[in-house]
Amino acid sequence: MTNALTRRHLLTAALATGVAVPLGGAGRGWAAPAEPGPARVTLPSPTGPHRVGTVSLHLVDRSRPDPVAGPGNYRELMASVWYPATHDVRRHPLAPWLPAAPMRALLASAGFDADAAAAPLTVGRVGAPVLRTPGRLPVLVYSHGNDSHRAEATIVVQELASHGYVVITVDHTYDGFSEFPNGRLSVPLNQSFTPWDSSYDLRFVLDRIEDLAAGRNPDAQRRPLPAGLGATLDLRRIGMFGWSKGATATALVMTQDRRVQAGLSLDGPLQSNPPVTEIDRPFMLMTATFTRAAEPSVDEIWSHYLRGWRLNVHVDGAAHSSYIDHQWLIPQLATIVGMSDEELAGWIGTLDPARAVRIQQAYPLAFFDLHLRHQGHLLRGPNPAFPEVQFIP
């Protein structure tokens, strides 16, 4: 486990140490930086028809004392809300993948110069006006992996928001890198932070989503929110997804909380104590490393505890990080640090980054469209447009 965590720290920190690069060729063929100062790696644009807005929330759970912070302190979380925005967003700045302080901490934690690079920019416009729609929009909650951060799946999150979902991403304090509004930085503490702990955070966030929908502002400082944000939330259509440990936390929440109508595991090990038990609502596995053949806990949950609609898709050539931003960003790093092709494959497998992005954009969207909007056909079976994707019976 220690080696895995060290590898995760190096991987996450490495994402910020690239320069702008065009798509293709596993990151070979560099473009010169377009602006002075630290260079940036890039993210792909989403495919949906809507612009994307984003706003952060500082949440305090006064039912849970924080033993790390000391007496009189309570569990605090940072979250981001991603939503469809109006077309008039130019005066609203683009949100960075990570703020400067967490990015510096990521770099320093892996032995890099803390000022080596700037984070990628997302397409999210900070505080942009909410798109007015005829009805309310389905809501999704995202949980990150071990020792990571809520931005790790921004490619998927932006895609979903651009297609009309409201997505809330959650930082699990002490299990990731995040920054609070007063500038205080939280980093991983290398202590045992379990999927069960994450599930408590997620259920608390579900309660705060209900506050938003009721017109209340759950932000601890009552910082302004975009007008109409709460009115867009459809509490009858809530989904949840996560990567790695966040996928396990997603499954745990579904055993505890019936507000979540559909769950998606992005290569989750599904190992927990207490364990995941019966889930009678739709649940999909996107497997890479933690396959049913390789991981007994995944096979046990598939065979005995998924009582509702279920699907297991597996992508040929995928590695554990292939369903999050790493698959796109690490190839941009490869030339800078002099990775061999073999070393690069060890990070991202043999799945082409451009194909990985298309799969990340298509399959989570198809799952939530099917179960929260009752539309779409991609999950009916293998599709010639995605020859890498296997349907595992």
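Relevant structure appears above.
This report concerns the structure included in the present document. Quick caveat, the model's predicted, so the values are computed rather than measured. (Residues numbered from 1 in each chain as written. Predicted model: local features only at pLDDT ≥ 70, side-chain atom pairs only at ≥ 80, totals over all residues. Heavy atoms only, no water.)

### Some words on the overall build of the chain
Part 1 of the argument: A tally of regular secondary structure across the chain gives nine helices and 13 strands.
Part 2 of the argument: The burial tally for the chain puts 57% of its 393 residues in the buried class.
Part 3 of the argument: In the chain, the share of contacts with a sequence separation of at least 24, taken over all contacts with a separation of at least 6, comes to 74%.
Part 4 of the argument: Roughly 15,700 Å² of accessible area belongs to the chain as shown, and the carbon and sulfur atoms make up 54% of that amount. (Helix = DSSP H or I, 4+ residues; strand = E, 2+ residues; numbered from the N terminus. Buried < 20%, exposed > 50% of the residue type's maximum accessible area, 1.4 Å probe, protein only. Contact = heavy atoms within 4.5 Å. Areas by Shrake-Rupley, 256 points an atom, 1.4 Å probe, with all protein chains shown as cover.)

### Section: the side chain of Thr232
Part 1 of the argument: Within the secondary structure, Thr232 is located in the loop between α4 (195-213) and β9 (233-243).
Part 2 of the argument: Looking at Thr232, the relative accessible area reads 7%, which means it is buried.
Part 3 of the argument: Of the polar contacts made by the side chain of Thr232, one reaches the backbone oxygen of Leu229; its length is 2.6 Å.
Part 4 of the argument: Sequence-distant contacts of Thr232, defined by excluding residues within four places in its chain, comprise Val130, Leu131, Arg136, Leu137 and Val166. (Polar contact = N/O pair within 3.5 Å; in protein donor to acceptor, adjacent residues only side chain to side chain.)

### What about the pairing of strand β4 (residues 121-126)?
Part 1 of the argument: Relative to β4, strand β1 (residues 51-65) runs parallel, the two sharing two bridges. Paired with Gly53 across the strands is Arg125, a residue of β4.
Part 2 of the argument: With two bridges connecting them, strand β3 (residues 94-96) and β4 associate as antiparallel partners. Bridge assignment links Leu94 to a residue of β4, and that residue is Arg125. (Pairing = 2+ DSSP bridges.)

### Remarks on helix α9 (residues 353-373)
Part 1 of the argument: With 21 residues, α9 ought to run about 30 Å at 1.5 Å a step, and its terminal C-alpha atoms sit 29 Å apart, in line with that.
Part 2 of the argument: Summarising burial for α9: 16 of the 21 residues are buried, a large majority.
Part 3 of the argument: Phi turns positive one or two residues past the end of α9, at His374, with a value near 55°. (Expected span 1.5 Å × (residues − 1).)

### Describing the pairing of strand β6 (residues 166-170)
Part 1 of the argument: In terms of burial, β6 is a largely internal element, five of the five residues being buried.
Part 2 of the argument: Of the two faces of β6, the one carrying Val166, Ile168 and Val170 and the one carrying Val167 and Thr169 are both buried.
Part 3 of the argument: Two strands pair when backbone bridges link them, and strand β2 (residues 74-85) and β6 are joined in this way by four bridges, in the antiparallel orientation. Bridged to Trp82 within β6 is Val167.
Part 4 of the argument: Note that strand β5 (residues 137-143) and β6 share five bridges and pair parallel. Residue pairing in the sheet places Ser143 in a bridge with Val170 of β6.
Part 5 of the argument: Traced from β5 through helix α3 (residues 154-162) to β6, the parallel crossover comes out right-handed. (Right-handed = clockwise from strand over helix to strand, strands pointing away.)

### Some words on unusual backbone geometry
Part 1 of the argument: Following Asn273, the chain continues to Pro274 via a peptide bond in cis, the omega torsion being 5°.
Part 2 of the argument: Tracing the backbone shows Pro274 in the loop between β10 (262-266) and β11 (283-287).
Part 3 of the argument: The backbone of Asp147 sits at a positive phi, close to 50°, despite the residue not being glycine.
Part 4 of the argument: By the secondary structure assignment, Asp147 is in the loop between β5 and α3.

### A look at the packing of aromatic side chains
Centre distance and the angle of the planes are the two values used to describe a pair of aromatic rings.
Part 1 of the argument: What the rule picks out here adds up to six aromatic pairs.
Part 2 of the argument: Aromatic side chains Trp196 and Tyr200 sit 5.9 Å apart centroid to centroid with 80° between the ring planes, which places their arrangement in the edge-to-face category. One end of the pair is Trp196 and the other is Tyr200, both in helix α4 and four residues apart, which spans about a single turn.
Part 3 of the argument: Trp196 gets classed as partly exposed once you look at its relative accessible area, which sits at 25%.
Part 4 of the argument: By relative accessible area, which is 42% here, Tyr200 ends up partly exposed. (Phe/Tyr/Trp six-rings, centres within 6.5 Å; stacked < 30°, edge-to-face > 60°.)

### Structural notes on the pattern of salt bridges
Part 1 of the argument: One pass over the full model with this rule turns up 20 salt bridges.
Part 2 of the argument: With a closest N to O distance of 3.0 Å, Arg184 and Glu76 form a salt bridge. Linking Arg184 in the loop between β7 (178-179) and β8 (185-186) with Glu76 in strand β2, this pair joins segments that are 108 residues apart in sequence.
Part 3 of the argument: The class for Arg184 is partly exposed, based on a relative accessible area of 35%.
Part 4 of the argument: Between Asp175 and Lys245 there is a salt bridge, and its shortest N-O distance comes to 3.0 Å. Here Asp175, found in the loop between β6 and β7, pairs with Lys245, found in helix α5 (residues 245-256); they are 70 residues apart in sequence, far enough to count as distant. Like Asp175, the residue Lys245 is buried in the burial classification.
Part 5 of the argument: Each of Arg203, Asp207, Glu210, Asp257 and Arg259 takes part in salt bridges that share partners, so that together they form one network. (Salt bridge = Lys/Arg side-chain N within 4 Å of Asp/Glu carboxyl O.)

### Comments concerning the sheet that holds β6
Part 1 of the argument: Across the sheet, 11 strands lie side by side as β3-β4-β1-β2-β6-β5-β9-β10-β11-β12-β13; this open sheet has mixed pairing. Each of the sheet's edge strands pairs with one partner strand only, and the pair in question is β3 and β13 (389-391). Between one strand and the next, the sheet's axes are offset by a mean angle of 30°, whatever the strand orientation.
Part 2 of the argument: Contacts between α5 and the sheet are confined to β5, β9, β10 and β11, with β9 contributing the most and set at about 140° to the helix. (Axes fitted to C-alpha atoms, helices over the stretch in contact; angles between N-to-C directions.)

### Some thoughts on the environment of Arg358
Part 1 of the argument: If you trace the backbone, Arg358 turns up in helix α9.
Part 2 of the argument: Since its relative accessible area comes to 34%, Arg358 is described here as partly exposed.
Part 3 of the argument: Spatially, the C-alpha atoms of Arg358 and Pro46 are 9.7 Å apart, while their sequence positions differ by 312 residues.
Part 4 of the argument: Once residues lying within four places of it in the same chain are set aside, the contact partners of Arg358 are Thr47 and Phe386.

Everything listed here is a matter of geometry and, on its own, says nothing about what the molecule does.
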